[in-house]
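# Working through the structure, step by step
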Amino acid sequence: MQQVAVTGLGVVSPVGIGLQDFWNSLVNGKSGVSRITKFDSSPFTSQIAGQLPDFDPSTKLSNKEIRRMDPFCHYALYATYEAVEDSKLEFERLDKDRIGVIYASGVGGIIAWARENKKFLEGGPRRVSPFFIPSLTINTASGIIAIKLGFRGPNFGVVSACASSGHAIGEAFRKVRLGEVDIMITGGTEAPIDPLALAGFCAMKALSTRNDAPEKASRPFDRDRDGFIMSEGAVTLILERMDLALKRGANIYGEIIGYGASDDAYHITAPDETGEAQVLAIKMALKEANIKPDDIQYINAHGTSTLYNDRVETIVVKKVFGERAYDINISSTKSITGHLLGAASAIEAASTLMTLKEGIIPPTINYETPDPECDLNYTPNESIEKDIEYAISNSFGFGGHNVALVFKKYR
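Notes on the structure in this doc start here. (Residues numbered from 1 in each chain as written. Predicted model: local features only at pLDDT ≥ 70, side-chain atom pairs only at ≥ 80, totals over all residues. Heavy atoms only, no water.)

With that settled, consider the overall build of the protein chain. Helix and strand counts for the protein chain come out as 13 helices and 15 strands. Taken over C-alpha atoms, the radius of gyration comes to 20 Å for the protein chain, in line with the 22 Å a tight globule of 411 residues would show. With the principal axes as the frame, the protein chain shows a C-alpha extent of 65 × 55 × 40 Å. Relative to its 411 residues, the protein chain shows a buried fraction of 62%. Considering only contacts in the protein chain between residues 6 or more positions apart, those separated by 24 or more positions represent 78%. Only carbon and sulfur atoms are counted for the fraction: they give 51% of the accessible area of the protein chain, which is about 15700 Å². Charged side chains of the protein chain number 43 positive and 51 negative; the gap between the two group centres comes to 5 Å. (Helix = DSSP H or I, 4+ residues; strand = E, 2+ residues; numbered from the N terminus. Rg over C-alpha atoms; globule rule 2.2 N^0.38 Å. Buried < 20%, exposed > 50% of the residue type's maximum accessible area, 1.4 Å probe, protein only. Contact = heavy atoms within 4.5 Å. Areas by Shrake-Rupley, 256 points an atom, 1.4 Å probe, with all protein chains shown as cover. Lys, Arg positive; Asp, Glu negative; His and termini not counted. Charge placed at Lys NZ, Arg CZ, Asp CG, Glu CD.)

Glancing now at the pattern of salt bridges. With the rule as written, the count across this model stands at 30 salt bridges. As a salt-bridge pair, Glu-90 and Arg-93 come within 2.7 Å of each other at their nearest N and O atoms. For the salt bridge of Lys-175 with Glu-180, the shortest nitrogen-to-oxygen distance reads 3.3 Å. Salt bridges sharing common partners tie together Arg-98, Asp-182, Arg-241 and Asp-243. (Salt bridge = Lys/Arg side-chain N within 4 Å of Asp/Glu carboxyl O.)

Below, the discussion takes up the environment of Pro-271. On the secondary structure map, Pro-271 appears in the loop between strand 9 (254–263) and helix 10 (276–289). Counting along the chain gives 72 residues from Pro-271 to Ala-199, while the straight-line C-alpha distance between them is 22 Å. Those residues in contact with Pro-271 that lie beyond four places of it in its chain are Asp-264, Tyr-266, Gln-278, Tyr-308, Asn-309 and Val-312.

What follows covers the packing of helix 10 against helix 11 (residues 307–321). Relative orientation and spacing of two packed helices are given, respectively, by the angle between their axes and the distance between those axes. At their nearest, the axes of helix 10 and helix 11 sit 9 Å apart, and the two run at 45° to each other. The angle between helix 10 and helix 11 falls in the class oblique. Crossing of helix 10 over helix 11 shows right-handed handedness. For the pair helix 10 and helix 11, contact is made by Glu-276, Gln-278, Val-279, Ile-282 and Leu-286 and by Val-312, Glu-313, Val-316, Lys-319 and Val-320, respectively. (Axes fitted to C-alpha atoms, helices over the stretch in contact; angles between N-to-C directions. Parallel < 35°, antiparallel > 145°, perpendicular 65-115°, else oblique. Left-handed = near helix turned anticlockwise from the far one by under 90°.)

Moving on to the side chain of Ser-142. By the element assignment, Ser-142 lies in helix 6 (residues 139–149). Take Ser-142: its relative accessible area is 0%, and that puts it in the buried class. For Ser-142, the residues in contact, after removing those within four places along its chain, are Val-101, Tyr-103, Asn-155, Phe-156 and Gly-157.

Summed over all chains, the structure comprises 7 aromatic pairs. Where Phe-39 meets Phe-44, the ring centres are 6.1 Å apart and the plane angle is 65°; that geometry is what we call edge-to-face. The buried category is assigned to Phe-39, whose relative accessible area is 17%. Exposure remark for Phe-44: the relative accessible area of 16% places this residue in the buried category. Following the ring pairs from residue to residue traces out a cluster consisting of Phe-55, Tyr-75 and Tyr-78. Across the ring face of Tyr-78, the terminal group of Lys-60 is positioned such that the distance to the ring centre comes to 5.4 Å. Here Lys-357 stacks its cationic end above the ring of Tyr-253, 5.8 Å away from the centre of that ring. (Phe/Tyr/Trp six-rings, centres within 6.5 Å; stacked < 30°, edge-to-face > 60°. Lys NZ or Arg CZ within 6 Å of the ring centre and 35° of its normal.)

What follows is about the environment of Asp-86. Along the chain, Asp-86 falls in helix 3 (residues 71–87). Ignoring anything within four residues of it in the chain, the contact list for Asp-86 reads Thr-7, Gly-8, Leu-9 and Tyr-253. Here Leu-9 takes part through its backbone nitrogen, which lies 3.0 Å from a polar atom of the side chain of Asp-86. (Polar contact = N/O pair within 3.5 Å; in protein donor to acceptor, adjacent residues only side chain to side chain.)

Listed below in structure tokens is the structure:
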């Protein structure tokens, strides 16, 4: 079995374009949630989202690429270019048959779908773009990354709602761990801020309606939480065989050492309130990592700021860690970034890796009124300095999909 290092991170997020801006926002608890400016949101019950700040794809993508792809692919490609640059890998000197891509999205090209559907309804089939289908499908993100960079190894897209990029990272980790490849490009992307997607989530009553104070709307584990915040962006991770990373003197953010996946087999949107399948995913990840629950010092929670999710996740943590659950630092960075849906696991993996590398735990902001049913240490409102050896990141998605990833500090 190979050790798996993370040697590159690329971030396109509501709190910063680029890894350092993203991390600075997390450490300082600077919210990326604001009133929606992409369209008139006044008819909707929720009028807020995590939008990208001043994102200009033309700095890395050609005009042709921008025209022919949905924004979810713009974000994925941009974040990947950032990660590749960050890794300092000389890909032209590597065997590209042994480099693969597994990339995720929960929604895919919904903006392209809405645009082309409008053209179809107004002008008939001849108005529909020949690039419509390729810009819609979720696997296009992984495909375009391979095409642009020439990677011929394993390649596919992953979709499992809010656990999508957790599955992508886990499966990519396994490819490197088992020696099938030397390097994997992985992560997740989402561009859901569109009237149709907003209407759908509003109809489910899943979103926060705290429209008068957007930056305070995402409040995981707080008693007054009222729904999640839909956000956009992408994060790419470069996973590399540890021996190769050490040989070239790479900057190593940390190691991935465990991956667990399960399903509630319970309900299409609501979590099983026993949390048993989520417990199973975490225990699977710990087993593969060959560590004990007592070794975990930090949990990057799924923590969506919804009533049931936060309560169930608290139950899950207690079932896995027992009384020691109260001593573990937990934080939900969704309080800062909002919820990137299919890219949530990837952005939270990046946050967890930076926590390990920098020795700083980001806070759960907007934690003002404790909920008696959510009574753990959620690192409220202020980041803290702490040397962390082992951390876990949880992701749970509609359909009952559960993923846990275990990370180790590189020393």
